[in-house]
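The residues making up each chain are set out below.
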Amino acid sequence: MKNKAMLGNILLILTALIWGCAFVAQSVGMEFVEPITFNGIRCIIGGIVLIITDCVFDKIKKKNGTYKKPEKEEQKELLKGGIICGIIIFFASTIQQIGISQTTVGKAGFISVLYILIVPFLGLLLKQKLPKMIWPCCAIAVAGLYLLCMNESFSISKGDFTVLISALAYAVHILAIGHFAPKVDCVKLSCLQFLVCGAISVVVMFIFEKPDIQNILRAWLPIIYAGALSGGAGYTLQTVAQKWTKPSVASLLMSFESVFAVLAGAVILHQIPSLREGFGCVLMFISIILIQFSENKEKGAQ
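Residues numbered from 1 in each chain as written. Predicted model: local features only at pLDDT ≥ 70, side-chain atom pairs only at ≥ 80, totals over all residues. Heavy atoms only, no water.

## What about the overall build of the protein chain?
Alright, step 1. Along its length, the protein chain carries 13 helices and zero strands.
Alright, step 2. For the protein chain, the N- to C-terminal ordering of α and β elements is α-α-α-α-α-α-α-α-α-α-α-α-α.
Alright, step 3. A separation of at least 24 residues holds for 90% of the contacts in the protein chain among residues at least 6 apart in sequence.
Alright, step 4. Accessible surface for the protein chain amounts to roughly 15500 Å². Of this, 70% is attributable to carbon and sulfur atoms. (Helix = DSSP H or I, 4+ residues; strand = E, 2+ residues; numbered from the N terminus. Contact = heavy atoms within 4.5 Å. Areas by Shrake-Rupley, 256 points an atom, 1.4 Å probe, with all protein chains shown as cover.)

This is the structure:
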């Protein structure tokens, strides 16, 4: 069991690495295609990868004798969840994609992970109990966000604010997933939400953007990475790993995507954070770790 837990932790760190580097892919892709076009194509690719993954998982279950055909009620919930989550992730990913084009990869990575702090507050609207450490964690995160994003004129950049809005949208998405995931097959839900998001994006991109096949082909590598690896492979690794890892530990390990985003931005795009920005990143990461350990301790005490 210890070996499986260790393997699960390694897979989750690999997932965080894939997701962290995806910020670079999204940034580079924006040099060739517009945000909705990029998201539409990558979501469709991610959906196709997950269809293949789902078929493989179903075959394994049938071979092991653990396959169970979903009941009518579950199919309805799957369709409902896929549509709702797909619409939410369309807004979240589109807003994030626009924000990434207006700020650095490292900043985008850290601001995006603020959904970990936003989720408990949204949960309060659903009459969920707030973790005791939420207030000091928020204070640390706000201080880190100030150092990371505020410039000399005491104003937050347009790109940073846009990514912050996307973090709020992703927090709503997490709550929606939390509602539907226990009722349906997680891989099927993820697959459907990607396809719904991709379908909406394709329709909207022809209304508001001018997709060019030549530019899309120039951005094939970032699109494939963001779709197949970040979307398809990343989610699959997370699903497999969480069979052996506690949710609190899993969310902590996956939050390392913010660190990997900074490292990837520095190594690949040469976006080196200043000392002030680096200290802001450290403060935000401390707040993320504290809230995860706090939730883990409170759950253990129950």
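From this point, the narrative continues.
## Quick look at the nonpolar core
Alright, step 1. In this structure, Phe110 and Leu117 are the most contacted members of the largest nonpolar core, which totals 48 residues.
Alright, step 2. When residues no more than four places from it in sequence are discounted, the contact partners of Phe110 are Leu148, Ser258, Val259, Val262, Cys281, Met284 and Phe285. (Core = buried A, V, L, I, M, F, W, Y, C linked by side-chain atoms within 4.5 Å. Buried < 20%, exposed > 50% of the residue type's maximum accessible area, 1.4 Å probe, protein only.)

## Brief notes about the packing of aromatic side chains
Alright, step 1. This structure, assessed with the given rule, holds one aromatic pair.
Alright, step 2. For the pair Phe90 and Phe91, a centre-to-centre distance of 5.2 Å together with 70° between the ring planes defines the contact as edge-to-face. (Phe/Tyr/Trp six-rings, centres within 6.5 Å; stacked < 30°, edge-to-face > 60°.)

## Some remarks on unusual backbone geometry
Alright, step 1. The phi dihedral of His270 falls on the positive side, at around 60°, and the residue is not glycine.
Alright, step 2. Following the sequence through the fold, His270 ends up in the loop between α12 (257-268) and α13 (275-301).
Alright, step 3. Relative accessible area serves as the criterion here: at 62%, His270 is assigned to the exposed category.

## Here's the deal with the pattern of salt bridges
Alright, step 1. Considering all chains together, one arrives at seven salt bridges under this definition.
Alright, step 2. Among the ionic contacts, a cluster of salt bridges with common partners joins Asp54, Asp58, Lys61, Asp185 and Lys188. (Salt bridge = Lys/Arg side-chain N within 4 Å of Asp/Glu carboxyl O.)

## Quick word on the side chain of Gln26
Alright, step 1. Looking at the element boundaries, Gln26 is found in helix α1 (residues 2-29).
Alright, step 2. Within polar-contact distance, the side chain of Gln26 engages the side chain of Gln96 at 3.2 Å.
Alright, step 3. Setting aside its immediate chain neighbours within four residues, Gln26 contacts Phe38, Arg42, Gln96, Gln97 and Ile100. (Polar contact = N/O pair within 3.5 Å; in protein donor to acceptor, adjacent residues only side chain to side chain.)

## Examining a nonpolar patch on the surface
Alright, step 1. Together, Ile48, Ile52, Val56 and Ile60 make up a nonpolar patch on the protein surface, roughly 350 Å² of accessible area in all.
Alright, step 2. Positionally, Val56 belongs in helix α2 (residues 35-64).
Alright, step 3. Note on Val56: relative accessible area 41%, which makes it partly exposed. (Patch = residues over 30% accessible without salt bridge, like charges linked within 9 Å, V, L, I, M, F, W, Y side chains within 5 Å.)

## Some remarks on the environment of Leu12
Alright, step 1. Within the secondary structure, Leu12 sits in helix α1.
Alright, step 2. Between the alpha carbons of Leu12 and Leu237 there is a distance of 7.0 Å; along the sequence they are 225 residues apart.

## What to know about the packing of helix α8 (residues 186-208) against helix α10 (residues 220-241)
Alright, step 1. Running from N to C, α8 and α10 cross one another at 160°; their axes reach a closest spacing of 11 Å. Regarding the angle of α8 to α10, the classification is roughly antiparallel. Relative to α10, the crossing made by α8 is right-handed. Mapping the contact onto sequence places Cys186, Val187, Ser190 and Phe194 in α8 and Gly231, Tyr235 and Thr239 in α10. (Axes fitted to C-alpha atoms, helices over the stretch in contact; angles between N-to-C directions. Parallel < 35°, antiparallel > 145°, perpendicular 65-115°, else oblique. Left-handed = near helix turned anticlockwise from the far one by under 90°.)

## Notes on the confidence of the model for the protein chain
Alright, step 1. Averaged over the protein chain, the pLDDT score is 84; the fraction of residues at 70 or greater is 90%.
Alright, step 2. Highest mean pLDDT in the protein chain belongs to helix α9 (residues 213-218) (94); lowest belongs to helix α11 (residues 247-254) (66). (pLDDT = per-residue confidence, 0-100.)

## Topic: the environment of Met254
Alright, step 1. Note that Met254 resides in helix α11.
Alright, step 2. The class for Met254 is buried, based on a relative accessible area of 10%.
Alright, step 3. Separated by 242 residues in the primary sequence, Met254 and Leu12 have C-alpha atoms spaced 6.1 Å apart.

## Looking at the packing of helix α4 (residues 105-112) against α12
Alright, step 1. Where α4 contacts α12, the two axes come as close as 7 Å, and the packing angle between them is 175°. In this view, α4 runs roughly antiparallel relative to α12, as classed from their interaxial angle. Judged by residue contacts, Val105, Gly106, Gly109 and Phe110 of α4 engage Ser258, Val259, Ala261, Val262 and Gly265 from α12.

## Considerations on the side chain of Arg42
Alright, step 1. With respect to the element layout, Arg42 can be found in helix α2.
Alright, step 2. In this structure, Arg42 is buried with no salt-bridge partner, the nearest side chain bearing the opposite charge being Glu257 at 9.6 Å.
Alright, step 3. Within the structure, Arg42 has its side chain in polar contact with the side chain of Asn39 (distance 3.0 Å). (Lys, Arg positive; Asp, Glu negative; His and termini not counted.)

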